[in-house]
Amino acid sequence: MDFTKVSKALEERGFKVSAFPTGKEACAYLNERIDGTSVGLGGSVTLRDIGLYETLPGHNEFWSHWAPPEGMTADEVRERAMHAETYLSSANALAETGEIVNIDGTGNRVAGTLFGHKRVFFVVGRNKLAPTCDEAIRRARNVAAPKNALRFGVETPCVANGGDRCYDCKSPARICRGLVVLWEAMRGCETEVVLIDEDLGY
Ligand code: SF4
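Residues numbered from 1 in each chain as written. Predicted model: local features only at pLDDT ≥ 70, side-chain atom pairs only at ≥ 80, totals over all residues. Heavy atoms only, no water.

Once that is clear, we can look at empty space enclosed by the protein. Empty pockets left among the atoms are what a rolling probe the size of a water molecule brings to light. All told, the structure shown has one cavity of 30 Å³ or more when counted by the stated rule. Counted as a void, the largest cavity has a volume near 90 Å³. Considering the residues around the largest cavity, the lining is formed by Arg 141, Ala 145, Pro 146, Thr 156, Cys 158, Cys 166, Tyr 167, Asp 168, Cys 169, Arg 174, Ile 175 and Cys 176. A breakdown of the residues in the lining of the largest cavity according to their chemical character gives eight nonpolar, one polar and three charged. (1 Å grid on protein atoms, 1.4 Å probe; cavity = no way out; pocket = protein on both sides within 12 Å on 5 of 7 lines; lining within 4 Å. Points joined across faces, edges and corners; volume = space filled by probe spheres on them. Nonpolar A, V, L, I, M, F, W, Y, C, P; charged D, E, K, R; others polar.)

Structure below.
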């Protein structure tokens, strides 16, 4: 995939950009960039599938509520991740015009991309790209969120219908409780988008 347009748009919005043909190469790059520091991860199939859960803990203080250290609860780990030097997340959608879109239920993931860290990396597979900000929001709501709901197995209409679309449900199990659009890199935070020419996550 040609990332020229989205890379230019992201750079104009203050994001650093790097691009890799494979998740394996992106994983190696991130392990070089994130070394001997503390790192927090938002829940992300992309981060898991490119191998960061296996590689980053060996040379960093590593905080992910998907892999809590023995004796710690997921909430305690979320709290530690919020204070890490570096934070990693994927995106539910990325507009080719440069906006980054994420939906969250607990809030730790979107909060972690906004404040509290020296560096933030968004790791984004090619399948997350959409032509415009409106289309990116549509993708986040109607593609990424129902698939994530399916993964969690929650009792929501999108899951009952096989994850076909969002029903803007009023279910107590609703996983979509907040939507964040980054128009620009947040002030005072070095923010990099790592693009990968593979389909990753939802
Ligand atoms: S708002 Fe409800 S129906 Fe829509 S994707 Fe989220 S959980 Fe599913």
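Anyway, onward from the coordinates.
A sheet is described by the order of its strands in space; here four strands give the open sequence β8-β5-β6-β9, paired in mixed fashion. Strands with a single pairing partner mark the edges of an open sheet, and in this sheet they are β8 (129-130) and β9 (178-182). Of the pairings in the sheet, the one linking strand β6 (residues 100-104) to β9 comprises five bridges and is antiparallel in character. Bridge pairing in β9 links Ile 100 to Leu 182. (Pairing = 2+ DSSP bridges. Helix = DSSP H or I, 4+ residues; strand = E, 2+ residues; numbered from the N terminus.)

Moving on: the site of the ligand. Around the ligand, the neighbouring residues are Ala 145, Pro 146, Thr 156, Cys 158, Cys 166, Tyr 167, Asp 168, Cys 169, Arg 174, Ile 175 and Cys 176. With respect to the detected pockets, the ligand is housed in the largest cavity. The class makeup of the residues in the shell around the ligand is eight nonpolar, one polar and two charged. (Near = heavy atom within 4 Å. Sits in = over half its atoms within 2 Å of the grid points.)

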